[in-house]
Amino acid sequence: MSHHERSAQPARHRAIFLSDIHLGTRGCQADLLLDFLKRNESEHLYLVGDIVDGWRLKRWWYWPQSHNDVVQKIMRKARKGTNVVYIPGNHDEAARQYCQLTFGDVRVQDEAIHEMPDGRKLLVIHGDQFDGIVRYARWLAILGDWAYAAALRLNTIFNWGRRKLGLPYWSLSAFLKHRVKNAVQFIADYEKAVASEARRRGVDGVVCGHIHHAEMRTIEGILYCNDGDWVESCTALVEDFDGRLRIVHWAEEVARRSSRLPFAPVQLAAE
């Protein structure tokens, strides 16, 4: 069997967890995700929310072929026997009214319990219910989308006005740096809140998404896993048949693969 054929075989996992794909937005890395779906098979596939961005699609219809291909690929996996569970998030919350129904072999659930080979249980939730911003000011979260770009434009006008009034320059970047410090705090608070919910439910760990920040760590005895996203980081959480979990950084794997390509023929000769 040649080197190429071997690498063409998809990797097999016990479970794959994906979330925050945001199909329907320009930010969605659909091509990288398609590559991941082609090269990775699993018994269980959990779609942990924000798969389709309904918020954005309502304002601006954007649905290229590659986004369609992602949906088709997932449906094909379900048809061929992968156990696909879809847990809607806040951007695709319209699907929450269909919980407990099955569409083309895909089961829609509010949350799930994934049992690991050793019997440990993981609560699988999107996680937006632990995010103060989305819960208490939904419009603020929607605003966040375009607010940043608008803020940069406004800052110029704002400081022109301040200059006219003899006021000192106000730095947007200093303000945002402060916000970033708050963002780090926000992520830590979010992780803690999700982990304590898992403890309250009597499970061993939790898999969530929502904050686009892949992470795997133990928080006061609870295994906290966030599978990241397919907008910024292109990450997935995978479980192997021994129950080992790891975060896959697909963009980096693809970059490594393409940097290896020129040497493939040499390798074949050596084999």
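On a predicted model such as this, the values are computed, not experimentally measured, just so you know.

Peer 1: What am I meant to see in the sheet that holds strand S6 (residues 112-115) here?
Peer 2: Sheet strands pair via backbone hydrogen bonds, and the direction of the pair is either parallel or antiparallel. Ordered by their spatial adjacency, five strands build an open sheet running S6-S7-S8-S10-S9, and the pairing between neighbours is mixed. The sheet is open, and its two edges are formed by S6 and strand S9 (215-219), each paired on a single side. Between one strand axis and the next, the sheet turns through 20° on average, direction left out of account.

Peer 1: Sorry if this is basic, but what is going on with the environment of phenylalanine 241 here?
Peer 2: Mapped onto the elements of the fold, phenylalanine 241 is located in the loop between strand S11 (235-239) and strand S12 (245-249). Residue class for phenylalanine 241 comes out partly exposed when judged on its relative accessible area of 41%. Along the chain, phenylalanine 241 and arginine 14 lie 227 residues apart, while their C-alpha atoms are 5.2 Å from each other.

Peer 1: Would you mind going over the sheet that holds S11 with me for this structure?
Peer 2: Strand order in this open sheet of seven strands is S4-S5-S3-S2-S1-S11-S12, and the pairing throughout is mixed. Each of the sheet's edge strands pairs with one partner strand only, and the pair in question is strand S4 (102-103) and S12. Strand direction decides the pairing type here: strand S1 (residues 11-18) and strand S2 (residues 40-47), joined by seven bridges, are parallel. Bridged to leucine 18 within S2 is leucine 47. Relative to the sheet, helix H4 (residues 65-79) contacts S2, strand S3 (83-86), S4 and strand S5 (106-108), its axis offset from that of S2 by approximately 105°.

Conventions we followed
Residues numbered from 1 in each chain as written. Predicted model: local features only at pLDDT ≥ 70, side-chain atom pairs only at ≥ 80, totals over all residues. Heavy atoms only, no water. Pairing = 2+ DSSP bridges. Helix = DSSP H or I, 4+ residues; strand = E, 2+ residues; numbered from the N terminus. Axes fitted to C-alpha atoms, helices over the stretch in contact; angles between N-to-C directions. Buried < 20%, exposed > 50% of the residue type's maximum accessible area, 1.4 Å probe, protein only. Contact = heavy atoms within 4.5 Å.

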